[in-house]
Amino acid sequence: MNVLLIGSGAREHAIARAVKKSKIESKLFCIASNYNPGIAALVADLTIGNINAPDSVVKFAEKHSIDLAIIGPEAPLANGVADALRKLAIGCVGPTKALAQLETSKGFTRNLMKKYKIAGCPIYQNYSKLDGVAEFLNELGDNYVVKFDGLMGGKGVKVAGEHLNSHKDSLAYCEEIVADGGRFVIEEKLIGEEFSLMSFCDGERLIHMPPVQDHKRAYENDTGPNTGGMGSYNDKQQSLPFLNDNDIHSAKLTNEAIALALKKEFGTGYQGIIYGGFIATADGVKVIEYNARFGDPEAMNVLALLESDFLELCVALVNGELSEYSIKFNSKATVCKYAVPNGYPDAPLKGENIGISKINNPDQLYYASVDVIDGQLIEAGSRTVAVVGVADSLAQAEALAEQAISRIEGPLFHRSDIGTAKLIQKRIDNMNNLRGHS
Ligand code: AMP
Ligand code: GLY
């Protein structure tokens, strides 16, 4: 089987490893936006190309007689790459452009939740003009969030009390969006602990993955600017220390309700990964956002735990046969940490040498935004490399990740607090306080 991987970050490195572990004999090809030496070592051909242009992806797929494609990032989905591949009868792990609106339009997803009465939707309004904005802000008082309605890597979201300090500031941000011809959503600010729950979806049936918690803020103790995600963890037995079984169950039901609503809305089912970004609040589990792909870094956690054959699973997914599939995840804990360039995310260093020769176990390492020039590994300006620790306890998994990441040489930093007992206790205490018990 000829398999196409689209994308070249750490998430895609994890996907490539999972494909190559399969007992199905396959040849893997990758169309990439940067040279990822980890992926390059696993594939028959890695070509740097425009992963967001359906024509160039189709050409590459035709050249290699691709049977199945796995789309890593959101931008190719937003640009209709899955539509173009499906036209060639290539099965795609990744939805069509219309179904990917689940991620590409926050307003679309809120309307979908409202129309199909899906639990967990905050109070919200969609706007393309300023009419009614001031009144809605008054109604929400100090608890509101303004979201640019489009792909902005999380950077279009401004939260009252964090990025917006008055209705005047907020109106100015809305005005900026309108002046650029954009749309935006204003919604109730939710208070609680965030987590991600991803599901494989074959159009009808879902298979859920373990819940994971990402860390969006750049610096220790959840301070500093928002990033793509500095690291993530899950606890043993497919749990998180601050969630109860009901929370996880309601997140799964919400993903199922979303898949059903999409099928009703479009007539065709969603094939790919449904990523629910949830928040556990005093009032139950609510939806922060949806993504139409694996999370990065969350993919490193869940794929490190996956015991089933990933490629078999992808084949079942594109054939609409997930109901026949029984999935198995290891019950260990995992901790993933990213090393990022000094200055990330606002003014990241680029082009500096980094060294990974001191890492004992290369299987723990995932390459992300790197390049290789004259045999030297360099940082390419975004999240650089990720490491994962897998162990019987969170404390051990954290220690393994920390040991590995501290051996990486170069002008990089990481969050040493991710997965530590202290930060996890803070999450538990926060949730207990919100739920009114200690
Ligand atoms: P998003 O791109 O929608 O995931 O938003 C980025 C980040 O903004 C989320 O990870 C949350 O931390 C925060 N955020 C988004 N929506 C809300 C909300 N309704 N209430 C509180 N925080 C939010
Ligand atoms: N971990 C956040 C994301 O993948 O969007």
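Here the structure is shown first, and the text comes after it.
This write-up is about the structure you can find in this document. (Residues numbered from 1 in each chain as written. Chains lettered and ligands numbered in written order. Predicted model: local features only at pLDDT ≥ 70, side-chain atom pairs only at ≥ 80, totals over all residues. Heavy atoms only, no water.)

Focus on the layout of surface pockets
And step 1. Roughly 450 Å³ of volume is contained in the second largest pocket.
And step 2. Along the walls of the second largest pocket sit 22 residues, with Arg 17, Lys 21, Leu 303, Ala 304 and Tyr 366 positioned nearest its centre.
And step 3. Elements represented by at least two residues in the lining of the second largest pocket include exactly helix 1 (10-20), helix 11 (298-305) and strand 22 (385-391).
And step 4. Of the residues contributing to the lining of the second largest pocket, the split by class is eleven nonpolar, five polar and six charged. (1 Å grid on protein atoms, 1.4 Å probe; cavity = no way out; pocket = protein on both sides within 12 Å on 5 of 7 lines; lining within 4 Å. Points joined across faces, edges and corners; volume = space filled by probe spheres on them. Helix = DSSP H or I, 4+ residues; strand = E, 2+ residues; numbered from the N terminus. Nonpolar A, V, L, I, M, F, W, Y, C, P; charged D, E, K, R; others polar.)

Some points on the site of ligand 2
And step 1. Around ligand 2, the neighbouring residues are Asp 214, Gly 228, Tyr 275, Asn 291, Arg 293, Gly 295, Asp 296, Pro 297 and Glu 298.
And step 2. In the environment of ligand 2, an oxygen atom lies 2.8 Å from a nitrogen or oxygen atom belonging to the side chain of Arg 293.
And step 3. A distance of 2.7 Å is found between a nitrogen atom of ligand 2 and a side-chain nitrogen or oxygen belonging to Glu 298.
And step 4. Broken down by class, the residue content of the shell around ligand 2 amounts to two nonpolar, three polar and four charged. (Near = heavy atom within 4 Å. Polar contact = N/O pair within 3.5 Å; in protein donor to acceptor, adjacent residues only side chain to side chain.)

Considerations on the nonpolar core
And step 1. By size, the foremost hydrophobic cluster in this structure holds 119 residues, and its most contacted members are Leu 4, Leu 85, Phe 195, Phe 200, Phe 294, Leu 303 and Phe 310.
And step 2. With seven residues, helix 12 (residues 310-318) is the single largest residue contributor to this core. (Core = buried A, V, L, I, M, F, W, Y, C linked by side-chain atoms within 4.5 Å. Buried < 20%, exposed > 50% of the residue type's maximum accessible area, 1.4 Å probe, protein only.)

Comments concerning empty space enclosed by the protein
And step 1. Evaluation of the coordinates by the stated rule reveals two cavities of 30 Å³ or more.
And step 2. There is about 80 Å³ of room inside the largest cavity.
And step 3. The wall of the largest cavity is formed by Leu 102, Glu 103, Ser 105, Lys 106, Thr 109, Arg 110, Lys 147, Glu 187, Ile 288, Glu 289 and Tyr 290.
And step 4. Contributions of two or more residues to the lining of the largest cavity are made by helix 6 (101-104), helix 7 (106-115) and strand 17 (284-291).
And step 5. Looking at the lining of the largest cavity, its residues break down into three nonpolar, two polar and six charged.
And step 6. One number sums up the size of the second largest cavity: a volume of about 50 Å³.

Here we look at the packing of aromatic side chains
And step 1. The tally for this structure, following the rule as stated, stands at seven aromatic pairs.
And step 2. Here the aromatic rings of Tyr 127 and Phe 184 are separated by 5.4 Å at their centres, their planes lie at 20°, and the arrangement is stacked. Residue Tyr 127 is found in strand 6 (residues 124-127), and its partner Phe 184 is found in strand 9 (residues 184-188); the two are separated by 57 residues along the sequence. Side by side, Tyr 127 and Phe 184 carry an identical accessibility label, which is buried.
And step 3. Ring centres 5.5 Å apart and planes at 25° place the aromatic pair Phe 195 and Phe 278 in the stacked group. In this pair, Phe 195 sits in strand 10 (residues 193-202) while Phe 278 sits in strand 16 (residues 271-281), placing the two residues 83 residues apart along the sequence.
And step 4. With a relative accessible area of 1%, Phe 278 lands in the buried category.
And step 5. An aromatic cluster of three or more residues is present, and its members are Phe 195, Phe 278 and Tyr 290.
And step 6. The ring of Tyr 366 carries the charged tip of Arg 17 above its face, separated from the ring centre by 4.6 Å.
And step 7. The lysine or arginine in question, Lys 158, covers the ring of Tyr 173, its NZ or CZ lying 4.9 Å from the ring centre. (Phe/Tyr/Trp six-rings, centres within 6.5 Å; stacked < 30°, edge-to-face > 60°. Lys NZ or Arg CZ within 6 Å of the ring centre and 35° of its normal.)

Considering the pattern of salt bridges
And step 1. Following the criterion strictly, the structure yields 23 salt bridges and no others.
And step 2. Between Arg 11 and Glu 12 there is a salt bridge, with its nearest N and O atoms 2.8 Å apart. Both residues of the pair, Arg 11 and Glu 12, count as buried.
And step 3. A salt bridge links Lys 358 to Glu 409; the nearest nitrogen and oxygen atoms lie 2.8 Å apart. Residue Lys 358 is located in the loop between strand 18 (333-341) and strand 19 (365-367), and its partner Glu 409 is located in the loop between helix 13 (394-405) and strand 23 (412-413); the two are separated by 51 residues in the primary sequence.
And step 4. Here Glu 409 falls in the partly exposed class, since its relative accessible area comes to 34%.
And step 5. Put simply, Glu 193, Asp 222, Arg 415, Asp 417 and Arg 427 are held in one network by salt bridges that share partners. (Salt bridge = Lys/Arg side-chain N within 4 Å of Asp/Glu carboxyl O.)

Details of the sheet that holds strand 7 (residues 144-148)
And step 1. If you trace the four strands from one edge of the open sheet to the other, you get 6-9-7-8, paired in antiparallel fashion. Looking at the sheet topology across the chains shown, the edges are occupied by strand 6 and strand 8 (157-159). The sheet shows a mean angle of 15° between the axes of neighbouring strands, taken without regard to direction.
And step 2. Both strand 7 and strand 8 contribute to a ladder of three bridges, which runs antiparallel. Bridge pairing in strand 8 links Val 145 to Val 159.
And step 3. Across the face of the sheet, helix 7 comes into contact with strand 6, strand 7, strand 8 and strand 9 while running at roughly 135° to strand 6.
And step 4. Each of strand 7, strand 8 and strand 9 touches helix 9 (residues 167-179); the most contacted strand, strand 7, lies at about 15° to it. (Pairing = 2+ DSSP bridges. Axes fitted to C-alpha atoms, helices over the stretch in contact; angles between N-to-C directions. Contact = heavy atoms within 4.5 Å.)

A short note on helix 7
And step 1. Of all the ten residues making up helix 7, seven are buried; the element is thus mostly covered by neighbouring parts of the structure.
And step 2. What helix 7 keeps buried is the set Lys 106, Gly 107, Phe 108, Thr 109, Arg 110, Leu 112 and Met 113.
And step 3. Note on helix 7: the residue one or two positions beyond its end, Lys 117, has a positive phi of about 50°.

Observations regarding unusual backbone geometry
Most peptide bonds take the trans form, and the phi angle of most residues other than glycine is negative.
And step 1. Between Asp 296 and the following residue, Pro 297, the backbone shows a cis peptide bond with an omega angle of 25°.
And step 2. Mapped onto the elements, Pro 297 comes out in the loop between strand 17 and helix 11.
And step 3. With phi around 55°, Asp 222 is a residue other than glycine that occupies positive phi space.
And step 4. The topology assignment puts Asp 222 in the loop between strand 13 (217-219) and strand 14 (223-226).
And step 5. With a relative accessible area of 23%, Asp 222 lands in the partly exposed category.

The quantities given are spatial measurements derived from coordinates; they are silent on function.
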